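Listed here are the chains, written in short residue letters.
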Amino acid sequence: MEISAIFTTAFIVGFSGAMMPGPLLTVTIGESARRGFKAGPLIVLGHAFLELALILALAGGLSVLLTTPRVSQTIAVLGGAFLLYMGAGMARDAAAGRVSLKMSDQAGQEVNHSNSGGISPGTGHAAAQKRMHPVLAGILVSVSNPYWTLWWATVGLGYITLSLQKGTLGLTSFFTGHILADLVWYSLISAAVAGGRKFLSDRIYGGIITACGIFLIGLGIYFLYYGLFT
């Protein structure tokens, strides 16, 4: 396979995968509403760091370990627990009215008083903890999804094998095409959400956060079931 073909097919396959609903999309929507357009690219940056490390590991022979049932089930249990924690926090804070969108005219950024993901609402004074950084969220949300690991242990590994026939340049072309697909898609999502956040009331925003939280809870339960009973 030629270098151009590796890049093109990696982009198309990556784009089709990125468009599928999942925890990364959910988090991107929520963070884009809070932080603006920059959230999408930052989340993808964290996602890219993780995938680059995994590609290097797979190229070095880690695929045998990743395909073992015990490892796959362990990832599912840990991932399910993380998604439950994140989803419950989002839904709880939205139900309690602790989420709001406030635009700072001076900074041009949102002042968010939600405590989901690590922010404590200030009562009378600003004593809030910082939220999880989008780059870290991109890493944790990606690794929490057992299907992400399964994809890389199967489809991703096949692509790596083909790419390595062209050496380092081939592997670089594959990674570039794949991650560019994620960057394009999630940047579009961030642009769409951030562009409309001025028209979002706190009630609508709370509803979105609640829906995202419920989705993550459901996904977390499914992952736990997969890891414990299959």
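Residues numbered from 1 in each chain as written. Predicted model: local features only at pLDDT ≥ 70, side-chain atom pairs only at ≥ 80, totals over all residues. Heavy atoms only, no water.

Undergrad: Would you mind showing me how to read the overall build of the protein chain here?
TA: Along its length, the protein chain carries nine helices and zero strands. Across the protein chain, helices and strands are ordered from the amino to the carboxyl terminus as α-α-α-α-α-α-α-α-α. In the protein chain, buried positions account for 43% of the 230 residues. Contacts in the protein chain between residues at least 24 apart in sequence constitute 77% of all its contacts with a sequence separation of at least 6. Of the roughly 11,500 Å² of accessible surface on the protein chain, a fraction of 70% belongs to carbon and sulfur atoms. (Helix = DSSP H or I, 4+ residues; strand = E, 2+ residues; numbered from the N terminus. Buried < 20%, exposed > 50% of the residue type's maximum accessible area, 1.4 Å probe, protein only. Contact = heavy atoms within 4.5 Å. Areas by Shrake-Rupley, 256 points an atom, 1.4 Å probe, with all protein chains shown as cover.)

Undergrad: Mind showing me how you'd approach the environment of I221 here?
TA: Mapped onto the elements, I221 comes out in helix α9 (residues 202-229). I221 sits in the partly exposed class, given a relative accessible area of 48%. As a C-alpha pair, I221 and A81 span 140 residues in sequence and 8.1 Å in three-dimensional space.

Undergrad: What should I look at first to understand the packing of aromatic side chains in this one?
TA: Aromatic rings in a pair are described by how distant their centres are and how their planes are angled relative to each other. In the structure shown here, the tally under the stated rule is six aromatic pairs. When the ring of F15 is compared with that of W185, the centres are 5.9 Å apart and the planes differ by 80°; the resulting orientation is edge-to-face. Here the residue F15 occupies a position in helix α1 (residues 3-18), and W185 occupies one in helix α8 (residues 167-196), the gap between them amounting to 170 residues. Judged by relative accessible area, W185 falls into the buried class, the value being 18%. Considering the side-chain rings of Y159 and F174, the 5.2 Å spacing of their centres and the 15° angle between planes classify their relative orientation as stacked. Residue Y159 is located in helix α7 (residues 146-163), and its partner F174 is located in helix α8; the two are separated by 15 residues in the primary sequence. The exposure class of Y159 is buried, given its relative accessible area of 13%. Members of the aromatic cluster, joined through ring pairs, are F11, F15 and W185. (Phe/Tyr/Trp six-rings, centres within 6.5 Å; stacked < 30°, edge-to-face > 60°.)

Undergrad: Explanation requested: the side chain of N145 in the structure shown.
TA: When you line up the elements, N145 lands in the loop between α6 (134-143) and α7. If near-sequence neighbours (up to four positions away) are discounted, N145 is found in contact with P23 and F223.

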